[in-house]
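Structural description and commentary
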Amino acid sequence: MIMSMLAKRMMRASFEIMSRDHIDTDALLKDWADDAVWDVPSELGVGQTIKGKKAIADWFHRWEQEFPKRKMVLRNVCMKGTCLVSPNNVEMVDWTCLETDKQGREYRYDGATTIVIKNMKAARLTEHISFAGLPPISSLIKPTVKA
């Protein structure tokens, strides 16, 4: 019970940071391992694996630039293992993201994040996103070759 209350408090704080106009990546990633690995999905099933805090922070800065308005809504936090304080555990976070891109287009999608905790730090995070209601990725890709 204590650990799940602590996990929910930490997740709410992280979601609040991601919803601000400027994402303070130092505050957001303070409980992530320096060599954390983050698996980010795509609608094509072939996502991106980002390794290390600096690369992850860079991703958040790009997200902030592309989507200046963001609201992360925490729906649920589940934990595997003991409810007692443990340096190693697995958390699953159920969430909704509302965001507006630079052109003013609004998006809403749901997802879940699996977080593997090692030595009290987030070591590996894997995103699972429902792409229902989102435009196809191909419509967002800008051509690089002039005709």
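Reading guide: rules and limits
- Residues numbered from 1 in each chain as written.
- Predicted model: local features only at pLDDT ≥ 70, side-chain atom pairs only at ≥ 80, totals over all residues.
- Heavy atoms only, no water.
- Helix = DSSP H or I, 4+ residues; strand = E, 2+ residues; numbered from the N terminus.
- Buried < 20%, exposed > 50% of the residue type's maximum accessible area, 1.4 Å probe, protein only.
- Contact = heavy atoms within 4.5 Å.
- Areas by Shrake-Rupley, 256 points an atom, 1.4 Å probe, with all protein chains shown as cover.
- Lys, Arg positive; Asp, Glu negative; His and termini not counted.
- Salt bridge = Lys/Arg side-chain N within 4 Å of Asp/Glu carboxyl O.
- Core = buried A, V, L, I, M, F, W, Y, C linked by side-chain atoms within 4.5 Å.
- Pairing = 2+ DSSP bridges.
- Phe/Tyr/Trp six-rings, centres within 6.5 Å; stacked < 30°, edge-to-face > 60°.
- Lys NZ or Arg CZ within 6 Å of the ring centre and 35° of its normal.
- Axes fitted to C-alpha atoms, helices over the stretch in contact; angles between N-to-C directions.

Moving on, we come to the overall build of the protein chain. Helix and strand content of the protein chain: four helices and six strands. Its helices and strands taken in sequence order, the protein chain reads α-α-β-β-α-β-β-β-β-α from the N to the C terminus. Of all 147 residues assigned to the protein chain, the portion counted as buried reaches 36%. Look at the contacts in the protein chain between residues 6 or more apart in sequence, and 54% of them connect residues 24 or more apart. By element, 58% of the accessible surface of the protein chain is carried by carbon and sulfur atoms, the whole surface being about 9,200 Å².

This part covers the side chain of glutamate 91. Summarising the element assignment, glutamate 91 is placed in strand β4 (residues 89-100). Of the side chains with opposite charge, lysine 8 lies nearest to the buried glutamate 91, which makes no salt bridge, at 11 Å.

Right, let's talk about the nonpolar core for a bit. Nonpolar side chains tend to gather and get buried jointly when the protein is soluble and globular. Membership of the largest hydrophobic core comes to 30 residues, with the highest contact counts inside it found for Trp32, Trp38, Ile56, Phe60 and Trp63. At the level of elements, α1 (2-19), β1 (32-40), α3 (53-66), β3 (69-80), β4, β5 (106-118) and β6 (121-129) are the ones that each hand at least two residues to this core. Not counting residues up to four positions away in its chain, the partners in contact with tryptophan 63 are Met18, Ile23, Arg70, Met72, Cys97 and Glu99.

Summarising the sheet, β1 and β6 pair through four bridges and their orientation is parallel. Within β6, the position partnered with tryptophan 32 by the bridge is alanine 122. Alignment of β5 against β6, held across eight bridges, turns out to be antiparallel. Note on β6: the bridge partner recorded for isoleucine 117 is alanine 122.

The next subject is the packing of aromatic side chains. A full pass over the atoms with the stated rule returns eight aromatic pairs. Both rings, one in phenylalanine 67 and one in tyrosine 107, keep their centres 6.0 Å apart while their planes meet at 75°; by these two values the pair is edge-to-face. With phenylalanine 67 in the loop between α3 and β3 and tyrosine 107 in strand β5, this pair connects stretches of sequence that are 40 residues apart. Taken individually, phenylalanine 67 and tyrosine 107 each receive the classification buried, so the pair is uniform in this respect. In this structure an aromatic cluster arises from ring pairing among Trp32, Trp38, Trp59, Phe60 and Trp63. Between arginine 70 and the ring centre of tryptophan 63, over which it is positioned, the NZ or CZ distance is 5.4 Å.

With that out of the way, let us pick up the sheet that holds β1. Strand order in this open sheet of six strands is β2-β1-β6-β5-β4-β3, and the pairing throughout is mixed. The sheet is open, and its two edges are formed by β2 (48-51) and β3, each paired on a single side. Strand-to-strand twist across the sheet, computed as the mean angle between neighbouring axes with direction ignored, equals 20°. Relative to β5, β4 runs antiparallel, the two sharing 12 bridges. Bridged to threonine 96 within β5 is aspartate 110. Lying over the sheet, α3 contacts β1, β2, β3 and β4, oriented at roughly 50° with respect to β1.

What follows deals with the pattern of salt bridges. This structure, assessed with the given rule, holds nine salt bridges. Notably, a salt bridge pairs glutamate 16 with arginine 20, separated by 2.6 Å at the nearest N-O pair. Among the ionic pairs, aspartate 34 bridges to lysine 53, the shortest N-O distance being 3.6 Å. Of the two residues, aspartate 34 is situated in strand β1 and lysine 53 in helix α3; the sequence distance between them amounts to 19 residues. Beyond isolated ion pairs, a larger network of salt bridges with shared partners links Arg75, Asp94 and Asp110.

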